[in-house]
Amino acid sequence: MAKKILIPFLAAVFLGMIVLAVSPAVRADHHNYGKSGKYGKGAARNQTLDPVYRENCGGCHMAYPPGLLPGRSWSVIMSSLADHHAEAVELEPEVVSEITSYLKNNAADVSRWKRSRRIMSSLGSATPLRVTEVPYLVKKHRGHDFPADAFTRKSVGSMSNCRACHPGAEKGDFDDDRARIPEP
């Protein structure tokens, strides 16, 4: 009787060891697979932003997940920092190069994130310079029963302030179930 129990137990332990051995590789992938499958609803949730990008860009505005814009958009944005939304951004050339590489290597056109694929499908040949210009994101925000003043509330400010309604926005978590429109 003990052998009948021992063999399945050892098989389960062995299988568990294999899962644990593979798990770090899966977690290291910035496209963390979510509960809905390989490219499902939570695919980009809990992604880690590059610290140089977060420090240099996230100090003035939300450090947007790179998968919200295509590489061509990030290229234009990073090459026009002298007039970045009416502000001059001064960064060392090495820092600009590092951030640009990070953004392009994780942009919507190379991402396996389901939302990025939808973003790319909505763009055609357009090169949006703001996430608020991405047709898929605009449509997604018009498709809900938002209060008329949702984006003009002082607590929100504009559609570009993703963090106001999506607390996990910088980690790529835009799940509707966790989104909350703040009171006026």
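From a predicted model like this one, the values you see are computed outputs, not experimental measurements. (Residues numbered from 1 in each chain as written. Predicted model: local features only at pLDDT ≥ 70, side-chain atom pairs only at ≥ 80, totals over all residues. Heavy atoms only, no water.)

## Thoughts on the overall build of the chain
No. 1: Helices and strands together make up the secondary structure of the chain, namely seven helices and zero strands.
No. 2: Listing every helix and strand of the chain by position from the N terminus yields α-α-α-α-α-α-α.
No. 3: A buried classification covers 36% of the 184 residues belonging to the chain.
No. 4: Total accessible area on the chain stands at roughly 11,200 Å², and carbon and sulfur atoms take up 58% of it. (Helix = DSSP H or I, 4+ residues; strand = E, 2+ residues; numbered from the N terminus. Buried < 20%, exposed > 50% of the residue type's maximum accessible area, 1.4 Å probe, protein only. Areas by Shrake-Rupley, 256 points an atom, 1.4 Å probe, with all protein chains shown as cover.)

## Remarks on helix H5 (residues 114-123)
No. 1: The set of residues buried in H5 consists of Arg 115, Ser 116, Ile 119 and Leu 123. Taken down its axis, H5 places every buried residue within 100° of arc, on the same side.
No. 2: Elements in contact with the buried residues of H5: helix H3 (71-79) and helix H6 (135-142).
No. 3: Looking at the residues trailing H5, positive phi occurs at Gly 124, about 65°. (Arc of directions from axis to C-beta. Contact = heavy atoms within 4.5 Å.)

## Here we look at the confidence of the model for the chain
No. 1: Overall, the prediction assigns the chain a mean pLDDT of 81, with 74% of residues at 70 or greater.
No. 2: The spread of mean pLDDT over the elements of the chain runs between helix H1 (residues 2-28), the lowest at 51, and H3, the highest at 98.
No. 3: Confidence drops under pLDDT 50 across residues 19-43; counting only partners more than four residues distant or on other chains, this segment forms 33 contacts. (pLDDT = per-residue confidence, 0-100.)

## Concerning the pattern of salt bridges
No. 1: Taken as a whole, this structure holds six salt bridges when the rule is applied.
No. 2: Asp 176 is the partner of Lys 140 in a salt bridge, and the nearest nitrogen-oxygen pair spans 3.3 Å. Taken together, the residues Lys 140 in helix H6 and Asp 176 in the segment after helix H7 (162-165) connect sequence positions 36 residues apart.
No. 3: For Asp 176, a relative accessible area of 35% translates into the label partly exposed.
No. 4: Notably, a salt bridge pairs Glu 170 with Arg 163, separated by 2.9 Å at the nearest N-O pair.
No. 5: By relative accessible area, which is 40% here, Arg 163 ends up partly exposed.
No. 6: In the salt-bridge network here, residues are joined through shared partners; they are Arg 54, Arg 163 and Glu 170. (Salt bridge = Lys/Arg side-chain N within 4 Å of Asp/Glu carboxyl O.)

## Side note on the nonpolar core
No. 1: In terms of nonpolar packing, the biggest core is built from 28 residues, with Tyr 53, Tyr 64, Leu 68, Trp 74 and Ile 119 touching the most fellow members.
No. 2: Elements represented by at least two residues in this core include exactly helix H2 (51-57), H3, helix H4 (93-105), H5 and H6.
No. 3: Considering every element that reaches this core, the biggest residue donor is H4, with four residues.
No. 4: In contact with Tyr 64, not counting residues within four places along its chain, are Tyr 53, Trp 74, Val 131, Ser 160 and Cys 162. (Core = buried A, V, L, I, M, F, W, Y, C linked by side-chain atoms within 4.5 Å.)

## Description of the packing of H3 against H4
Packed helix pairs are specified by the crossing angle of their axes together with the interaxial distance, meaning the distance between the axes.
No. 1: Interhelical geometry of H3 versus H4 gives an angle of 165° and a closest axis separation of 9 Å. In terms of orientation, H3 lies roughly antiparallel with respect to H4. In the crossing of H3 with H4, the sense of the turn from one axis to the other is right-handed. Contacts between H3 and H4 involve Gly 71, Trp 74, Ser 75 and Met 78 from the first element and Val 96, Ile 99, Thr 100, Leu 103 and Lys 104 from the second. (Axes fitted to C-alpha atoms, helices over the stretch in contact; angles between N-to-C directions. Parallel < 35°, antiparallel > 145°, perpendicular 65-115°, else oblique. Left-handed = near helix turned anticlockwise from the far one by under 90°.)

## Focus: the packing of aromatic side chains
No. 1: Counting across every chain of the model gives two aromatic pairs.
No. 2: Each ring, one from Tyr 53 and one from Tyr 102, has its centre 5.5 Å from the other, and the planes form 40°; the classification is tilted. On the criterion of sequence distance, the pair formed by Tyr 53 in helix H2 and Tyr 102 in helix H4 is long-range, its members being 49 residues apart. (Phe/Tyr/Trp six-rings, centres within 6.5 Å; stacked < 30°, edge-to-face > 60°.)

## Points about the environment of Ala 169
No. 1: Note on placement: Ala 169 falls in the segment after H7.
No. 2: Taking the relative accessible area as the measure of exposure, Ala 169 reaches 0% and is therefore buried.
No. 3: With 104 residues separating them in the primary sequence, Ala 169 and Pro 65 have C-alpha atoms 7.8 Å apart.
No. 4: Beyond its immediate chain neighbours, meaning those up to four positions away, Ala 169 contacts Met 62, Pro 65, Cys 162, Arg 163 and Phe 174.

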